[in-house]
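A structural walkthrough
These are the residues of each chain, in order.
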Amino acid sequence: IGDSPAAPLFKVVSSPNDYTSIIRTEEKELTEAKGMYLEFWTGFREFGVSTKTFLSLRKPRPQHWFSVAVGRSKFSISLTASIQKKRIGCEIYMRGINAKQAYKLLEKEKEAIEKSTGLLEWHELPEGQDCRIVLFSHDIDISQRENWKSAFEWLLSNAEVFHKTFSPRIKALPILDEAE
């Protein structure tokens, strides 16, 4: 500006990569439960890949859920595993300001949906803005590794049915998409 000397121009020539994030994760001490969840979801993803599922299975994380895209933002299939409750689940999770409207529209198709999925639990979650539609399998203790294969089979089978059943309906919902 004016007669001032030229300022240097800095360009970023490197940025963190997946390797860096893996190292950072490994540096943090995972609790026993989080370590088991990470191992469980890693095994689930490998199982899905080996069966050539059409689902896009992302990188596992050390948490009790594993999300699968359904083709529209603010909606996902959420696979869950609870060590404490000894159950696994498959659900459509709807979040954001249009979740209640989407829930009500899907609820109008409940009978047709449940012909494909079986009976579901419909949770409008009135205390917040999110909603979910869920199917649980009880008495599955994932802390016992011998239960993992049957848990993987149940989760993958139901995730595929949920995707085929809900994805076209969710994409066709007459609601505005929120900005991310």
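Structure's up top.
A few points on the structure.

Rules used in this analysis
Residues numbered from 1 in each chain as written. Predicted model: local features only at pLDDT ≥ 70, side-chain atom pairs only at ≥ 80, totals over all residues. Heavy atoms only, no water. Salt bridge = Lys/Arg side-chain N within 4 Å of Asp/Glu carboxyl O. Helix = DSSP H or I, 4+ residues; strand = E, 2+ residues; numbered from the N terminus. Buried < 20%, exposed > 50% of the residue type's maximum accessible area, 1.4 Å probe, protein only. Core = buried A, V, L, I, M, F, W, Y, C linked by side-chain atoms within 4.5 Å. Contact = heavy atoms within 4.5 Å. Expected span 1.5 Å × (residues − 1). Bend = angle between axes of the 7 residues up to and from the residue.

**Here we look at the pattern of salt bridges**
A full pass over the atoms with the stated rule returns five salt bridges. For arginine 145, the salt bridge identified is with glutamate 39, shortest N-O distance 2.8 Å. One end of the pair, arginine 145, is in the loop between β5 (131-138) and α5 (148-172); the other, glutamate 39, is in helix α2 (residues 32-50), with 106 residues separating them in the sequence. Note on arginine 145: relative accessible area 44%, which makes it partly exposed. Close ionic contact of glutamate 109 with arginine 169 constitutes a salt bridge, the shortest N to O distance being 2.7 Å. Residue glutamate 109 is found in the loop between α3 (99-107) and α4 (110-117), and its partner arginine 169 is found in helix α5; the two are separated by 60 residues along the sequence.

**Observations concerning the nonpolar core**
Among the nonpolar cores identified, the biggest contains 43 residues, and Leu79 and Met94 are the most heavily contacted of them. Within the residue set of this core, elements represented by two or more residues are α2, β1 (65-69), β2 (75-82), β3 (87-94), α3, β5 and α5. Ranked by residues supplied to this core, first place goes to α5 with nine residues. The contacts of leucine 79, once residues within four sequence positions are left out, are Trp41, Phe44, His64, Trp65, Phe66, Val68, Gly89, Cys90, Leu155 and Ala159.

**As for α5**
Between its terminal C-alpha atoms α5 stretches 35 Å, which fits the 36 Å expected from 25 residues at 1.5 Å a residue. Along α5, the largest kink reaches about 35 degrees and is centred on phenylalanine 166; proline proline 168 follows within four residues of it.

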